[in-house]
Amino acid sequence: MIADQLIINKKESKTTYKEDKTSEKPLRSVAKAFSWRVIGTLDTLVISYILTGKISLAASIASIDFVTKMVLYFFHERIWNLVKWGK
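These numbers come from a predicted model, not from an experiment.

Draft legend 1. Seen up close, the packing of aromatic side chains. One pass over the structure, following the stated rule, counts three aromatic pairs. Taking 5.6 Å as the distance between ring centres and 90 degrees as the angle between the ring planes, the aromatic pair formed by Phe34 and Phe66 counts as edge-to-face. Separated by 32 residues along the polypeptide, Phe34 in helix α3 (residues 26-52) and Phe66 in helix α4 (residues 55-82) bring together distant segments of the chain. On the basis of relative accessible area, Phe34 is assigned to the partly exposed category, the value being 45%. Look at Phe66 and you get buried, because its relative accessible area is 18%. Between Phe74 and Phe75 the ring centres are 5.3 Å apart and the planes differ by 80 degrees, which places this aromatic pair in the edge-to-face class.

Draft legend 2. Spatial organisation of the environment of Val71. Considering the arrangement of structural elements, one finds Val71 in helix α4. Between the alpha carbons of Val71 and Arg37 there is a distance of 9.9 Å; along the sequence they are 34 residues apart.

Draft legend 3. Examining the pattern of salt bridges more closely. For the coordinates displayed, the defined rule picks out three salt bridges. Where Glu77 meets Lys32, a salt bridge forms, and the shortest distance between an N and an O atom there is 3.1 Å. Residue Glu77 is found in helix α4, and its partner Lys32 is found in helix α3; the two are separated by 45 residues along the sequence. Put simply, Arg37 and Asp65 hold a salt bridge, and the shortest N to O gap is 2.6 Å. A residue pair is termed long-range when its members are at least 10 positions apart, and Arg37 in helix α3 and Asp65 in helix α4 qualify at 28 residues. For Arg37, a relative accessible area of 6% translates into the label buried.

Draft legend 4. Spatial organisation of the confidence of the model for the chain. Of all residues in the chain, 75% attain a pLDDT of 70 or more, and the chain-wide mean is 82. Looking over the chain, one finds the lowest element-wise mean pLDDT in helix α1 (residues 2-12), namely 57, and the highest in α4, namely 91.

Draft legend 5. Spatial organisation of the side chain of Thr44. With respect to the secondary-structure elements, Thr44 resides in helix α3. On the basis of relative accessibility, which here comes to 16%, the residue Thr44 falls in the buried class. When sequence neighbours within four positions are dropped, the list of residues in contact with Thr44 reads Arg37, Ile61, Ala62 and Asp65.

What counts, and at which threshold
- Residues numbered from 1 in each chain as written.
- Predicted model: local features only at pLDDT ≥ 70, side-chain atom pairs only at ≥ 80, totals over all residues.
- Heavy atoms only, no water.
- Phe/Tyr/Trp six-rings, centres within 6.5 Å; stacked < 30°, edge-to-face > 60°.
- Helix = DSSP H or I, 4+ residues; strand = E, 2+ residues; numbered from the N terminus.
- Buried < 20%, exposed > 50% of the residue type's maximum accessible area, 1.4 Å probe, protein only.
- Salt bridge = Lys/Arg side-chain N within 4 Å of Asp/Glu carboxyl O.
- pLDDT = per-residue confidence, 0-100.
- Contact = heavy atoms within 4.5 Å.

Structural data, given as structure tokens:
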């Protein structure tokens with residue numbers, strides 16, 4: 001009975017490849033990358049400051065980290081958006 005409901009619900013909620021392909025707009029990926037990088041950059045800033053003891057060096061490290069990892073995250077998200085596995 002429960003298995004039947006799971007199978008029925010899965011069939012009803014099945015989407016097409018075209019819908020999945022466009023399910024997340026690039027702007028959403030950018031917004032997610034930006035928000036995550038703010039959190040990650042604060043973490044990098046604190047760790048860099050603890051290790052170096054210099055706020056200017058820590059800020060430089062965190063700034064470079066922010067830009068490079070945001071770009072990498074954007075492309076990572078776009079590639080995963082093309083993968084049908086697990087959708």
